[in-house]
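Fold and geometry: a report
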Amino acid sequence: MSELTTGKFSMAISDLENVQITINNIVGAIEKEADEIDVEMGPTVKPGVSSLRDWDHNILDRYNPVYTPMCDQCCYCTFGPCDLSGNKEGACGINLEGHNAREFMLRVITGAAAHSGHGRHLLHHLIGLYGKDHPLDVGATNIIAPNVQLVTGVSPKTLGDLDSVLSYVEEQITQLLAAVHVGQEGAAIDFESKALHGGMIDHVGMEISDIAQISCLDFPKSDEEAPLADIGMGCLDSSKPTLIVIGHNVAAVTDIIDYMEDKGLNDKIELGGLCCTALDMTRYKTGDRTLPRAKVVGTLAKELKTIRSGIPDVIIVDEQCIRADVLKEASKLMIPVITTNDKVMYGLKDRSNDSIEDILEDLTTGKEKGALMFDYEKLGELAPRLTMMMSEIRKQKGIKRLPTDEELKELADSCVHCLKCEVACPNSLPISEAMTALSEGDLSNFELLHDKCIACGRCEYACPKDIDIVNVIEKSSQRVISEEVGKVRVGRGPISDPEIREEGVNLVLGTTPGIVALVGCSNYPDGTKDLFTIADEMLRRSYIVVVSGCSAMDLGMYKGEDGMTLYEKYPSRFKSGGLLNTGSCVSNAHITGAVIKVASIFAQKNISGNYEEIADYTLNRVGAVGVAWGAYSQKAASIGTGCSRLGIPVILGPHGSKYRRALIAKPYEEEKWKVYDARNGSEMQIPAAPDYLLTTAETVEEMMPMLAKSCIRPSDNNMGRMIKLTHYIELSQKYLGIMPEDWHKFVRTETDLPLAKREKLLKILEKEHGWEIDWKRKKILSGPAMKSDVSAQPTNLKRLCKEA
Amino acid sequence: MVDVIKNTQIHCTYGCKSSKAVQPDVAGKMISKAKRPLFIVGSQILKDEELLKRSIEIAKKADLPVAATGHSMSGLVDQGINAKYINVHALATYLCDPNWTGLDGNGQYDTIVVLGHFKYYIDQVLSGLKSFSKIKSIAIEREYIQNATMSFGNITPAVHIEALDELIENL
């Protein structure tokens, strides 16, 4: 038997019949390949559940888990329900802290499983179409998969290489899920470590999903000039037959787009998407910068409204963020629904093996409300044909959509103002007041509510008069909805190596004030405009703003005073003042990927199996902060938790408190704000920033100064610290009306002070904080808690210190 | 006297412990009796002039130190009250730490009063305090806050203002 290594196996077989050769995993292949190409492997190649536990405990010692349970009971097993209130122990011995840590971990691995399950489905599909040897190509980079490489040591080159990495991801998720079983782990902190493990694994799973689709489906590849796509409920031309796709997995849709193109149907059918499938539909075949084949309607918050509008003639769903009642709602308006993924089947019959004509017959006559279809080639033809037919049928039948003007008035008049809808509303929207105004013919209150309403429909269930409140909001807001037309930059994929090479130094020294990543879903506290406000402010201040998923969509809905969306105004380059859309939900991996690449390309660090070292580097040197302002999903929890383990702080909107766990540090615990200087192992004091790894903010106004502070790192040089401090002070004054209480704690020397305010600030330091100032030379003589030393190498890890 | 405890229906009732409904006069007296009170004022006071006015009045009359959360600070500066900005999630974390010395360095608080917050947000934040601290919390919002120790019920904005006036009378 000959010895085989990865990518080095070839043999000529001739004259053999009925011989099947199966090669499974090649044992020791990674290590062997590493030896050959001289890659140094770190201590944690393919880490197991406990391999990075020391690092987790290290960061959790400063960033303490904060539990805010939604329920004080545990009902996981038949011992229960157990009352855990006041941190009591239940029948199995677990206390409220432990149970909440366990629940948080479950949330994280649910999210990770959603992404990697998506990845597995996609990879299986793409390998079927393109083969295991199809090369990976994501643009100008030598590091195709930074997360994969950092965690597993594998530098994947082909689709087949991703297959084995995904098996590792799946094994870890299974091991983590096993820990949820009753009994076993009693220490909250070790559930936390497991949650962090799940978050890290999630970024590996997301990366696999996205680089597979980028490589096969002609998506933009690290493209700074990816085209713009239309977005908004108002961008659909409802006079045309309309096909709407909802979900996250583009696999089912590509055949539809191909069929439409082949048959010249692009101008005849409106193809729109909701949630991340929409973003990935716009990426399909736009690698050459041609115009996207589909329009983006919006986020999950627009799903019910889009269905209730009656505009879709056919709805296709795939997986993840899809309302569970799509079939029920669509059927009321005679919209057939086709499910395409085993995660969502709605009880429909599997028609994968039936003829297209039979299915068309059953759906157009209303004999069946929908169909389950796993054969995507068949779906490619079925969906457009069905859309054309249903459009005619639905027009002829005069399907009743939203209430008429008269009915609207009647509905408003029937409101008894009991406030039950407001109690049920997740955002406590003032519906009762808006009903009164509507009764008097004033639509403006509801027009304002439309954007703040996430169209969940809870109000309708609460209403004792059975008013379809979502319809009332939608009907009242037709004018606003028709104006909902914007532009979103098609997802560009990863950040290229040349971009990192140019910008890395500015990030580590602080002269680019930071990366602000706007990610996650659409459960905002006060409407969609918050995202525009945040990005607009931070871009003006030359932060790099990276976006993905639903946040990338909502950001494109607004125009500035110049009539342009931010995507049209700012370059899509990874540089100071750049606005980059990486793509869909799974493209979040490119954001952590960029941070890992900063360590690799700028700092020349090895990034293979040495996760702890790179996370330590990020935490101490890369000023990046994530914002998931409308996070609702378990996936958002896992993405954020992956950032936590990598040392990137994340702020959630107020609804994020319902994840029930944060990681918050205490700036007043001075002993916690010390790290080592890797040059000699001595201890050095660092500023208390970031003072959380996962937390929430109440309003965007509050978050603005938090963002600036979160980008401060011990490695900032004086110019960098000065820039960051300037933004921190200015944003606090602008949005809170005050100087931040702790600004002086970030000052190491006079050159850290904002130039224009230096003298004034020196006076405050002398007067209010007792610092000694040499006024002749305008120098600080004493006062700062830490020294300014740009060549210091801050680290949390004693083992990385020279003299250790 | 207005009745604010009639409607205490909440949309989720799971959990074993939920707050006691309280009338404004009783709440006022309890605030006055507290040894180390802290008034936690959220950004929603900025949406209603009348609410902002009463927040300031409560702080002044009962001489309460104010933790200004969200961006409520922008409405509280130069109002002659002792207000400091702090993030409410961080504040709740520190409130669970017996070693925290408070916003003024004089020690941990025994009673907190909350006003001007998103219902769902303050409810989550208070759930941590309910489970992991001994601090008493009094919610004087216009919504029933189930994780407080005591709370008003679900009331209209007009009744809420009336209730706050009555509370102020009893300080």
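Residues numbered from 1 in each chain as written. Chains lettered and ligands numbered in written order. Predicted model: local features only at pLDDT ≥ 70, side-chain atom pairs only at ≥ 80, totals over all residues. Heavy atoms only, no water.

Quick look at the sheet that holds strand E18 (residues 674-677) of chain A
Going by this rule: When DSSP finds two or more bridges between a pair of strands, those strands are recorded as paired. Each helix corresponds to a stretch of at least 4 residues labelled H or I by DSSP, and each strand to a stretch of at least 2 residues labelled E; elements are numbered beginning at the N terminus.
Pairing is antiparallel across the open sheet formed by 3 strands, whose spatial order is E19-E18-E23 (chain A). Here the strands that pair on one side only, and so sit at the sheet edges, are strand E19 (682-685) and strand E23 (794-795) of chain A.

A look at the domain arrangement of chain A
When the parts come together, some accessible area is lost, and that loss is often what is quoted as the size of the interface. Rule in force here: Either an automatic procedure or a domain database provided the assignment from which the domain bounds are taken.
Each assigned domain of chain A is listed here: domain 1 (67-214), domain 2 (228-395), domain 3 (405-482) and domain 4 (486-736 + 745-782). The C-alpha-based centres of domain 1 of chain A and domain 3 of chain A are spaced at 40 Å.

Remarks on the interface of chain A and chain B
Convention followed: Contacts were defined at the residue level, with two residues in contact if any of their heavy atoms lie within 4.5 Å. Put simply, buried area is the surface a 1.4 Å probe can reach on two separate parts but cannot reach once they are joined, added for both. Between Lys or Arg on one side and Asp or Glu on the other, a salt bridge is scored when a side-chain nitrogen of the former is within 4 Å of a carboxyl oxygen of the latter.
Residue-level contacts link 50 residues of chain A with 43 residues of chain B. Around 3800 Å² of area is buried between chain A and chain B when both sides are counted, 58% of it from carbon and sulfur atoms. When residues of chain A are sorted by the area they lose upon contact with chain B, Val423, Tyr668 and Glu698 of chain A head the list and together hold 18% of the total. Between chain A and chain B we count 3 salt bridges in total. In this structure, Asp72 of chain A and Lys130 of chain B form a salt bridge, with 3.2 Å as the shortest nitrogen-oxygen distance. Taken together, the elements giving at least two residues each to the side of chain A that touches chain B come down to strand E1 (64-67), helix H3 (96-130), helix H14 (420-424), strand E17 (661-664), strand E20 (692-696) and helix H27 (700-710) of chain A.

As for the sheet that holds E1 of chain A
All names here are of chain A. Counted only if it meets this: Here an axis means a line fitted to C-alpha atoms, over the contact stretch when the element is a helix, while the angle between two N-to-C directions is reported on a 0 to 180 degree scale.
Taking strand neighbours across the sheet as the criterion, the 8 strands line up as E1-E17-E20-E16-E15-E12-E13-E14 in an open arrangement whose pairing is mixed. Of all the strands in the sheet, just E1 and strand E14 (579-583) have a single pairing partner and so form its edges. Taken over all neighbouring pairs, the strand axes of this sheet differ in orientation by 25 degrees on average, direction set aside. Taken together, the 4 bridges between strand E13 (residues 544-548) and E14 define a ladder with parallel strand orientation. The residue of E14 that forms the bridge with Val545 is Leu579.

Remarks on the packing of helix H5 (residues 159-178) of chain A against helix H6 (residues 188-216) of chain A
Residues and elements named next belong to chain A. Counted only if it meets this: The cut-offs work like this: below 35 degrees is roughly parallel, past 145 is roughly antiparallel, 65 to 115 is roughly perpendicular, and the gaps in between are oblique. Note on convention: near helix rotated counterclockwise from far helix by under a right angle means a left-handed crossing. Clockwise means right-handed. Nonpolar residues are Ala, Val, Leu, Ile, Met, Phe, Trp, Tyr, Cys and Pro. Charged residues are Asp, Glu, Lys and Arg, and all others, Gly as well, are polar.
Packing of H5 against H6 brings their axes to within 10 Å, and their N-to-C directions diverge by 155 degrees. Between H5 and H6, the crossing angle belongs to the class labelled roughly antiparallel. Crossing handedness for the pair H5 and H6: left-handed. Counted together, Leu159, Leu162, Val165, Leu166, Tyr168, Val169, Gln172, Ile173 and Leu176 of H5 and Lys194, His197, Gly198, Met200, Ile201, Val204, Gly205, Ile208, Ile211, Ala212 and Cys216 of H6 form the full contact between these two elements. Residue composition of the contact of H5 with H6, by class: 15 nonpolar, 4 polar and 1 charged.

Here's the deal with the pattern of salt bridges
Residue and element names in this part refer to chain A. Selection rule: Accessible area is worked out with a 1.4 Å probe on protein chains only. A residue is then buried under 20% of its type maximum, exposed over 50%, and partly exposed in between.
Tallied over the entire structure, the rule returns 67 salt bridges over all chains. Here Arg645 makes a salt bridge to Asp56, at a shortest N to O gap of 2.7 Å. Pair noted here: Arg645 is in helix H26 (residues 634-646) and Asp56 is in helix H2 (residues 53-62), with a separation of 589 residues, a long-range link. Grouping residues by exposure puts Arg645 and Asp56 together as buried. In this structure, Arg479 engages Glu447 in a salt bridge whose closest nitrogen and oxygen atoms are separated by 3.1 Å. Of this pair, Arg479 sits in helix H19 (residues 478-482) while Glu447 is found in helix H16 (residues 444-452), placing the two residues 32 residues apart along the sequence.

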